[in-house]
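Observations on chain architecture
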Amino acid sequence: MNKMKHVYAFELQSYFKSKSYILSTIIICIVSILAITLPGMIQSANGKDDSGEREDSALASSIALCDPLNMISDELLLSYGKTEIQRKSSEDEVKEAVQSEDAAVGFVVRSVNEFDYYVFNRSLFDDGQEMFRGLMSTAAKMKYCEENGIQYDELVKLDNDSLICNEKILGKDSEENYWYSYVLVILVFMVIIMYGMMIATSVVNEKSNRTVEILVTSTSSSSLLFGKVLAGATAIFVQMGLIFASVLGAYRFNKDYLADMLDRILDIPADVLVTFAVFGLGGFLLYAFMYGALGAMVSKVEDLNKTAGTAQMLVMIVYFLVLFQMQAPDGIVMKVLSFLPVSAYSAMFVRIAMGKVAVWEIIASALLLYGSVVGMGFVSAKIFRNSTLRYGNPISISKAIKGLRSADNN
């Protein structure tokens, strides 16, 4: 245990003294703070008109309109935003106005329930046609009321007051929890891939420059591997903690400017963060031991990608399975994945955040996960011990397992 503590302290110190680790942490924190702060500052300076209301309507620009049915009045258009209206007599004039960029968008009314929408370059978040569809629906109702002697105001009042729904969520709001669950699943996937490869690369480097030959004479291979993995886990938690603190702090500070627009991603309950930390740590340790053993099976860094591909493929399969099943957190697939150690770190977290999970299921999943971490740690330590002093061609996984069996028999 003493030797493992020394290895742990040395490896952790090397992380904290690493320029790449320090710079990446500082840069990510600064970029995260700026990414959240600048949009709010810009919006607060330019995103409001004199009355303090935001001008984010899709129709708050110049439009070309051909309306032979005289359905759309200027007053109705202006109610959707500060729009410059260019009345056109034909479809060709509308197309010409949009092509010459005299108008941002164009509309040609075909009938009471049909229109053409013209745009030169459609942006990713273009909602002009949806806005005009609502406008057409309003115009059609007004026209019907006028033709049938009905007061439109009374119709609107009836339409708005006819049904009142008071939503009472007794469990969890999956729609609200979906986005931060999605982000955290991606985050733990990236952490495992990046830091797992860092641990494997560290093992290979020590093996390729023969440093490991000196280390194994002064400490056991188990102490070396456990010290490396636990130091990597500590380093990643410190780094992720600083990044999380920067992001959440910047968001809390700028929440009024952003009008709660990022609540779905960043307004994460404390119990969800604790659950994510517990299962995320378990998943990282499980794969970190796996990466450490795979790193010991090669002698050169350029051979690492082939050997580590097994672990990376497994992580990728789990990642896509969980993402594809997030809309059905209580489905049979997610239930199975939440009890498999290789996937519980993300599947059980998603079920806790979005679905219905019994306490015994959480405890059982956590015990299985951390039991597998301990088991994987000792198996990986044996592979590490049997493989570190072997040089030349990479050792296959089957040969490494056979080596374990023969060592156990002896």
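My aim in this report is to walk through the structure given alongside it, one point at a time. All values derive from a computational prediction rather than experimental measurement. Along each chain, the written sequence defines residue order, and numbers are assigned to residues from 1. This being a predicted model, a pLDDT of at least 70 is required before a residue's local features are given, and a value of 80 or more before pairs of side-chain atoms are given or counted; all residues contribute to the totals for chains, interfaces and linings. Each side-chain value is derived from all of the structure's non-hydrogen atoms; neither hydrogens nor water enter the calculation.

Structural notes on the overall build of the protein chain
- Tallying secondary structure elements over the protein chain gives 17 helices and four strands in all.
- For every residue, the accessible area obtained with a 1.4 Å probe (protein chains only) is divided by the maximum for its type, and the residue is called buried under 20%, exposed over 50%, and partly exposed between those limits. Looking at the protein chain as a whole, 40% of its 410 residues are labelled buried.
- Across the protein chain, contacts joining residues at least 24 apart in sequence account for 69% of those joining residues at least 6 apart.
- Per-residue and other accessible areas were derived by the Shrake-Rupley procedure at a 1.4 Å probe size, with only the shown protein chains allowed to occlude residues. Total accessible area on the protein chain stands at roughly 23000 Å², and carbon and sulfur atoms take up 60% of it. Numbering goes from the N terminus for both helices and strands, where a helix is a DSSP run of H or I of at least four residues and a strand is a run of E of at least two. Two residues qualify as a contact provided that any one of their heavy atoms is within 4.5 Å of a heavy atom in the partner residue.

Digging into the sheet that holds strand β4 (residues 114–119)
- Taken together, the four strands give an open sheet; going across it, the order is β2-β1-β3-β4, and neighbouring strands pair in mixed fashion. If you trace the sheet from one side to the other, it starts and ends with β2 (84–87) and β4, each paired once. Geometrically, the sheet is characterised by an average inter-axis angle of 25 degrees between neighbouring strands, direction not taken into account.
- Structural elements are reduced to axes, namely lines fitted to C-alpha atoms, with helices fitted over the stretch in contact, and the angle between N-to-C directions of any two is expressed from 0 to 180 degrees. Its contacts with the sheet put helix α4 (residues 91–99) on β1 (62–66), β2, β3 (105–111) and β4, and the angle it makes with β3 is roughly 160 degrees.
- Lying over the sheet, helix α5 (residues 128–147) contacts β1, β3 and β4, oriented at roughly 150 degrees with respect to β4. DSSP-based pairing: two strands are paired if at least 2 bridges between them are found.

Digging into the pattern of salt bridges
- When a carboxyl oxygen of Asp or Glu lies within 4 Å of a side-chain nitrogen of Lys or Arg, that pair is called a salt bridge. Across all of its chains, the model carries five salt bridges by this definition.
- As a salt-bridge pair, aspartate 116 and arginine 110 come within 2.6 Å of each other at their nearest N and O atoms.
- The exposure class assigned to arginine 110 is partly exposed, which follows from its relative accessible area of 39%.
- Glutamate 130 serves as the salt-bridge partner of arginine 133, at 2.8 Å between the closest nitrogen and oxygen. Here arginine 133 and its partner glutamate 130 are both found in helix α5, three residues apart, which amounts to about one turn of the helix.
- Taking the relative accessible area as the measure of exposure, arginine 133 reaches 41% and is therefore partly exposed.
- In the salt-bridge network here, residues are joined through shared partners; they are Glu91, Arg110 and Asp116.

A short note on the nonpolar core
- In this structure, Ile192, Phe284, Tyr287, Tyr291, Val322 and Val350 are the most contacted members of the largest nonpolar core, which totals 78 residues.
- Top element by residues in this core is helix α7 (residues 174–208). It accounts for 15 residues.
- Ignoring any residue separated from it by four or fewer positions in sequence, one finds valine 322 in contact with Val185, Met334, Leu337, Ser346, Ala347 and Val350.
- For this analysis, a nonpolar core means a set of buried residues of the types Ala, Val, Leu, Ile, Met, Phe, Trp, Tyr and Cys, connected via side-chain atoms within 4.5 Å. In this structure, Leu65, Leu77, Phe132 and Met136 belong to the second largest nonpolar core, which totals 15 residues.

Quick word on the packing of aromatic side chains
- Planes of paired rings set the category: under 30 degrees apart is stacked, over 60 is edge-to-face and the rest tilted, where pairs are Phe, Tyr or Trp rings (Trp by its six-membered ring) whose centres lie within 6.5 Å. Throughout the structure, instances matching the rule amount to 15 aromatic pairs.
- Ring plane angle 50 degrees and centroid distance 5.9 Å describe the contact between phenylalanine 16 and tyrosine 21, whose orientation is recorded as tilted.
- Judged by its relative accessible area of 9%, tyrosine 21 falls in the buried class.
- With a centroid separation of 4.9 Å and an interplanar angle of 65 degrees, the aromatic rings of phenylalanine 115 and phenylalanine 132 are classed as edge-to-face. One end of the pair, phenylalanine 115, is in strand β4; the other, phenylalanine 132, is in helix α5, and 17 residues separate them in sequence. Of the two residues examined, phenylalanine 115 and phenylalanine 132, each falls in the buried class.
- Here a set of aromatic residues connected by ring pairs shows up, and it is made of Phe107, Phe115, Tyr117 and Phe132.

Some remarks on the pairing of β4
- Pairing of β3 with β4, which is carried by six bridges, proceeds in the antiparallel orientation. Directly across from valine 108, in β4, lies its bridge partner aspartate 116.
- Between β3 and β4, which pair antiparallel one after the other, the connecting turn spans two residues.

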